Amino acid sequence: MQRRWQQRPLVGDPTALSRELGIPALLATHLCLRGLTDPGEAERFLDPRLGHMLDPKLMAGMDKAVERLVRAVRNKERVALYGDYDVDGVTSTTLMTLVLRRFGLDPIQHIPHRIRDGYGLNHNAVRLLKERGASLIVTLDCGVTAVEEVKAAVDLGVDVIVVDHHTVPVTLPPAVAVLNPHRPDCAFPFKQLCAVGVAFYVCVALRTALRAAGLAGPDGGPDLRDYLDLVALGTVADLVPLRGENRMLVAHGLRILAQARRHGIAALLDVSRIRREDVDAGSVAFQLGPRINAAGRLQDAMVGVQCLLAEDRLTADRLATQLDAENRARRAEQQRVIDEALTRVADEPIHHDARALVLYDEGWHPGVVGIAAQKMVEQFHRPSVLIGAGGIGSGRSIEAFHLHQALAKTGEHLRGFGGHAHAAGLRIAAQNVDAFRRALYQHASEVLKPEDLTPAAHHDGPLSAEHLTDDTVDTLQRAAPFGRGNAEPCFLLTGLPVAQTRVVGKDHLQLEFTRNLRGIAFRMAERAEELRGPVEFLATPEHNTWRGVRRLNVRVRDFRPVGVPA
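Residues numbered from 1 in each chain as written. Predicted model: local features only at pLDDT ≥ 70, side-chain atom pairs only at ≥ 80, totals over all residues. Heavy atoms only, no water.

## Some thoughts on the packing of helix H14 (residues 313-347) against helix H15 (residues 369-380)
Where H14 meets H15, the closest approach of the two axes is 9 Å, and the angle between their N-to-C directions is 45 degrees. When the axis of H14 is compared with that of H15, the two are oblique. As H14 packs across H15, the resulting crossing turns out to be right-handed. Contact residues: Arg 330, Gln 334, Val 337, Ile 338, Ala 341, Leu 342 and Val 345 in H14; Ile 371, Ala 372, Lys 375, Met 376, Gln 379 and Phe 380 in H15. Split into classes, the residues belonging to the contact of H14 with H15 amount to 9 nonpolar, 2 polar and 2 charged. (Axes fitted to C-alpha atoms, helices over the stretch in contact; angles between N-to-C directions. Helix = DSSP H or I, 4+ residues; strand = E, 2+ residues; numbered from the N terminus. Parallel < 35°, antiparallel > 145°, perpendicular 65-115°, else oblique. Left-handed = near helix turned anticlockwise from the far one by under 90°. Contact = heavy atoms within 4.5 Å. Nonpolar A, V, L, I, M, F, W, Y, C, P; charged D, E, K, R; others polar.)

Here you go:
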């Protein structure tokens, strides 16, 4: 899809920021382009310290949650940890398991099966956990909308603590505590934590309370910094903004992740072929995260929990290998669904002028429709909902379209839904799909303007060829980790004649420039003919290390003939 090249607006004065902080002008410009103009905020961004952590007690419900968990530790109760089947839920469950074990408990881990159980807390699981002796259930990355299910647990004599970060409904479940930064009455100033981030703050507050009560053990409890690898893994994979608390947790967590202290992490890095020195937010998001997610998409997400909890390398290797195999199966199934969805869009006129996409096929695996929906968004830049077997659907959206609000508007056709502005899940009866499609298409036509349907490729402005240096890459790396909320640097590059191109891998294009500079354009092999004349690039300068040799490289995001208007 053709994209509008759009330079990020410059906010503030990079020269003043550079002088105030004593940092290179290029780095100061990077910060200002991302809205970081206050010297104090910018300094904390560049040097994220755990000492800057917010007080967990600012979170609504924290005192009640900790009080109930302290009672569970004192009385040696059986606690059940009920996580979601994605990476956020898996890492939240693993984190809480390890911390509660250090305080003498033996918690039950339970992850629902995507197909049999669906999303979130369910009545059958509540009864099962009660039968297994649980007197307290902690939901992780789910539960904020589970009013009836929590009530059922309470009726059975089981207390519930909800740890979640999804959109908060008007009526909260009758839990002992509902921890969610999005609660209107929550004073916790940082709202973008994912579930594993909220769970980490629970652990911090719990350790403090147990120490005060003399229940933390002779060593005062665990060093919670040791668990930040799990927090980084879940936070990056959940695509929450890497700013504020998230940036602080991820920056420290990635360092621990790279040390591969856990057998499960080491095994996952090995099957993903990630060298320890290459661990960053990108490798977590695109290699580790999908392998852990794959189990919950096609089979049983508990495999991911078991891998991260593995107490020996042999077990970890077996489970990581299983996750890797399931990820390959996921990719194959995902591609089948994408191919069929693209054919459907091309062949069915109802979709041609629509400003959204709703596609349904009973033969599509519900575990991959979310990824396929994201591919539809990338292909057509339309909010897209794909619905598979059993009426289980998943949607992804564009910046200008609030998907959760759209589902609320069209909710009369759904059995249930939940999620965020840009990602959501739903259930629907097959006979209601056509009515839902018409309603969503109508809503999209009212909300979206024609210009919203052309994607923008944002960049940081021009970078001259003489500034394509090792020092430039090293300077910009001070702003890492990159991700949502802190976009990776991307520059407009001109005056780089292409000397040679060749296809590498399946469909990637390798470029050789005339000044001993190499570039890689992922999934652009079919565009090689466009490089015959003078072109300009949107690209990210980076380092590639091969057999100990570091080489300057540019990762091409897009290119076009010189002189094309923005």
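Picking up after the structure, the text goes on.
## Quick notes on the side chain of Arg 297
Its place among the elements puts Arg 297 in helix H12 (residues 281-298). Buried within the structure, Arg 297 lacks any salt-bridge partner; its nearest side chain of opposite charge belongs to Asp 86, at an N-O separation of 7.4 Å. In this structure the side chain of Arg 297 is engaged in a polar contact, spanning 3.0 Å, whose partner is the backbone oxygen of Gly 367. Apart from residues lying up to four places away in sequence, Arg 297 is in contact with Arg 114, Arg 330, His 365, Gly 367 and Ile 371. (Buried < 20%, exposed > 50% of the residue type's maximum accessible area, 1.4 Å probe, protein only. Lys, Arg positive; Asp, Glu negative; His and termini not counted. Salt bridge = Lys/Arg side-chain N within 4 Å of Asp/Glu carboxyl O. Polar contact = N/O pair within 3.5 Å; in protein donor to acceptor, adjacent residues only side chain to side chain.)

## A few points about the sheet that holds strand S14 (residues 498-504)
With respect to topology, 6 strands assemble into an open sheet ordered S13-S17-S18-S16-S15-S14, the strand pairing being mixed. Bordering the open sheet on either side are strand S13 (491-493) and S14, each of which pairs with just one other strand. Taken pair by pair, the neighbouring strands of this sheet meet at an average axis angle of 40 degrees, ignoring direction. For strand S15 (residues 508-513) and strand S16 (residues 518-521), the ladder comprises 4 bridges, and the chain directions are antiparallel. Bridge pairing in S16 places Leu 511 opposite Gly 519. (Pairing = 2+ DSSP bridges.)

## Some remarks on the pairing of strand S12 (residues 456-459)
Alternating positions in S12 separate cleanly, Ala 457 and His 459 being buried on one face and Ala 456 and His 458 remaining unburied on the opposite face. For strand S1 (residues 4-7) and S12, the ladder comprises 4 bridges, and the chain directions are parallel. Opposite Gln 7, over in S12, you have His 459 as the bridge partner.

## Comments concerning the packing of aromatic side chains
Scanning the entire structure with this criterion turns up 4 aromatic pairs. Both rings, one in Phe 200 and one in Tyr 201, keep their centres 6.3 Å apart while their planes meet at 85 degrees; by these two values the pair is edge-to-face. The residues Phe 200 and Tyr 201 share a single accessibility class, namely buried. Summarising the aromatic geometry, the rings of Phe 513 and Phe 537 are spaced 5.6 Å apart at their centres and angled 85 degrees between planes, so their arrangement reads as edge-to-face. Of this pair, Phe 513 sits in strand S15 while Phe 537 is found in strand S17 (residues 535-546), placing the two residues 24 residues apart along the sequence. Judged by its relative accessible area of 1%, Phe 537 is buried. Following the ring pairs from residue to residue traces out a cluster consisting of Phe 188, Phe 200 and Tyr 201. The ring of Phe 45 has Arg 247 sitting right over it, with the charged end atom 3.6 Å from the ring centre. (Phe/Tyr/Trp six-rings, centres within 6.5 Å; stacked < 30°, edge-to-face > 60°. Lys NZ or Arg CZ within 6 Å of the ring centre and 35° of its normal.)

What is shown is where atoms sit, not what they do.
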